[in-house]
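# Summary of structural features
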2 protein chains.
Amino acid sequence: MKIVLLGSGNVATHLAQALKSKDEEIVQIYSQRLNHAQLLADFIQCESVNDLKAIKTDADLYIIAVKDDAIESIADQLRTVNGLVVHTSGTTDIQALSSKVKRAGVLYPLQTFSKTKAVSFEEIPLCIEATNASDLSVLQNLASKLSQKVHHLGGEKRKLLHLAAVFACNFTNHMYTLAHQLLQQNDLDFEIIRPLIKETADKVMVNLPEKVQTGPAVRADETTLNKHFSMLNNMPELQHIYQTLSDSIKLMLK
Amino acid sequence: MKIVLLGSGNVATHLAQALKSKDEEIVQIYSQRLNHAQLLADFIQCESVNDLKAIKTDADLYIIAVKDDAIESIADQLRTVNGLVVHTSGTTDIQALSSKVKRAGVLYPLQTFSKTKAVSFEEIPLCIEATNASDLSVLQNLASKLSQKVHHLGGEKRKLLHLAAVFACNFTNHMYTLAHQLLQQNDLDFEIIRPLIKETADKVMVNLPEKVQTGPAVRADETTLNKHFSMLNNMPELQHIYQTLSDSIKLMLK
């Protein structure tokens, strides 16, 4: 299967590496930023382009891994191709593609990627969707080469999953950031709290989170809650977050 | 060193196991709930009591691992002992002990414990404090047998660390719970999001969290933020949390 990859960001980079490791043939990489496309293409050993008009028209699969708001304009340029065109977005409707191209699909990897850290792609849940059964089976074949965890999900469930991921990943990481901010202001190193962060995540690998909630809010320990609240008197934003989340934890008790 | 352990909850249990594994001699376990004390004492092979008046007076170290609001009343009963008396609380002043007993200290393990999951105690940061140098060195010796990570911290820094831990652990776990709630309402299994949770924690083992923040808020992707906000229209509490935390992430950009 000849693949054209459109994009050179975190998702495109990790996807390119995973595809290469499974001997899939990426024939071309497109990016607006030619030096980014070039870097990735050098690694994959394929052609790089930064002109949408130079995209090969005879590929079997086009993977659009760009920012959400750039998906439609790229799809516009792929109206005439016969290959399957997929995007990798959690929040974008398949219609953004199917209204323009002949064959449309979605290949959404549920993971947080950073260029500096390798991930084991086989552990990443891949959510797939297509407008017809034969294209779904093309995606199923490819996705199951890359990962052991392939899910057929319609657009509504995919979007919901993306929203849940904002809580479980983006907001969680922000909690780490706020903890770091508090530590830093008191000359304490972030290192001291890393074992706690690791254990907190490890616990929910085998338990449901609501079963292993700890801390003053779930104990309804008002003395500690009040002490913490006072300690944040000079940081109204953190105080507001402390109150909001403690109240939300208490609601779970009801 | 003869140790009396007061308490039979999560901290007391994990501490008892760690002390036993290092061949430290626990001579007695006290708990208000005799059956709890008994269970732990059977494992350690020592005496159990549920009467404060029956506590041995000739031990070298008394470890009070009970709820914060029960610490003082237990310390009251230990006024006459010559051994070192420590508590394991993140938020309680050393004065709660030093105002009552002859020799006072703190041994605070920075971890989230659940009875159902074993933890490697050697990886747990232990924060110690004492009112004089010789007692600090007693605690230092014991703590460094149990863990590779021993920190001397005064009360103010220990309390701050405990507050940071609420963000990094308790609030983080609550984010997992809210994600689970969203998934459950849409017939999606929590399992699908576990690899993302693991990777989010793994990333900050080698990076600082503010350097690896991802998601719509840090990209200032208003389209996605608005979509998510609408998806939470029927869940005002989650909508408020979504807004509050997204605003807080955006503040970091300034």
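For the structure given in this document, a descriptive report is provided here. What you see is a predicted model, and the numbers here were worked out from it, not measured in a lab.

In this section: the sheet that holds strand β8 (residues 150-152) of chain B. All names here are of chain B. Read from one edge of the open sheet, 8 strands run β3-β2-β1-β4-β5-β6-β7-β8, paired in mixed fashion. The open sheet is flanked by β3 (47-49) and β8, the only strands paired with a single partner. The mean angle between the axes of side-by-side strands here comes to 25°, regardless of whether they run parallel or antiparallel. Here strand β2 (residues 25-30) runs beside β3; their pairing, made up of 3 bridges, is parallel.

Below, the discussion takes up the nonpolar core. Within the largest apolar cluster, 116 residues are counted, with the highest numbers of intra-cluster contacts made by Leu78, Phe167 and Ile193 of chain A together with Leu78, Phe167 and Ile193 of chain B. Dropping the residues within four chain positions of it, Ile193 of chain A is found in contact with Ala179 and Leu183 of chain A together with Leu110, Ala164, Ala165 and Ala168 of chain B. In terms of nonpolar packing, the next biggest core, distinct from the first, is built from 32 residues, Leu15, Ala16, Ile63 and Ile124 of chain B among them.

Moving on to the packing of helix α6 (residues 155-185) of chain A against helix α9 (residues 236-253) of chain B. Put simply, α6 of chain A and α9 of chain B touch, their axes get as near as 10 Å, and they point 50° apart. With respect to each other, α6 of chain A and α9 of chain B are oriented oblique. Between α6 of chain A and α9 of chain B the crossing geometry is left-handed. Across the interface between the two elements, Leu163, Val166, Phe167, Asn170, Phe171, His174, Met175, Thr177, Leu178 and Gln181 of chain A of α6 of chain A pack against Leu238, Ile241, Tyr242, Leu245, Ser246, Ser248, Ile249 and Met252 of chain B of α9 of chain B. Considered class by class, the residues forming the contact of α6 of chain A with α9 of chain B number 12 nonpolar, 6 polar and no charged.

Here the focus is unusual backbone geometry. Despite not being glycine, Gln45 of chain A has its phi angle at roughly 65°, a positive value. What makes Gln45 of chain A exposed here is its relative accessible area of 67%. Backbone geometry at Ala220 of chain B places phi at a positive 50°, although glycine is not the residue there. Here Ala220 of chain B is to be found in the loop between α7 (194-206) and α8 (222-231).

Once that is clear, we can look at the interface of chain A and chain B. On the side of chain B, 88 residues touch chain A, which itself brings 88 residues to the contact. Here chain A meets chain B over a buried area of about 8,500 Å², counting both sides, of which 70% is carbon and sulfur. For the pair chain A and chain B, the interface holds 0 salt bridges. Those elements that place two or more of their residues in the side of chain A that touches chain B are α6, α7 (194-206), α8 (222-231) and α9 (236-252) of chain A. When the residues that make up the side of chain A that touches chain B are grouped by side-chain class, the tally is 45 nonpolar, 27 polar and 16 charged.

About the criteria used
- Residues numbered from 1 in each chain as written.
- Chains lettered and ligands numbered in written order.
- Predicted model: local features only at pLDDT ≥ 70, side-chain atom pairs only at ≥ 80, totals over all residues.
- Heavy atoms only, no water.
- Pairing = 2+ DSSP bridges.
- Helix = DSSP H or I, 4+ residues; strand = E, 2+ residues; numbered from the N terminus.
- Axes fitted to C-alpha atoms, helices over the stretch in contact; angles between N-to-C directions.
- Core = buried A, V, L, I, M, F, W, Y, C linked by side-chain atoms within 4.5 Å.
- Buried < 20%, exposed > 50% of the residue type's maximum accessible area, 1.4 Å probe, protein only.
- Contact = heavy atoms within 4.5 Å.
- Parallel < 35°, antiparallel > 145°, perpendicular 65-115°, else oblique.
- Left-handed = near helix turned anticlockwise from the far one by under 90°.
- Nonpolar A, V, L, I, M, F, W, Y, C, P; charged D, E, K, R; others polar.
- Buried area = accessible area lost by both parts, 1.4 Å probe.
- Salt bridge = Lys/Arg side-chain N within 4 Å of Asp/Glu carboxyl O.

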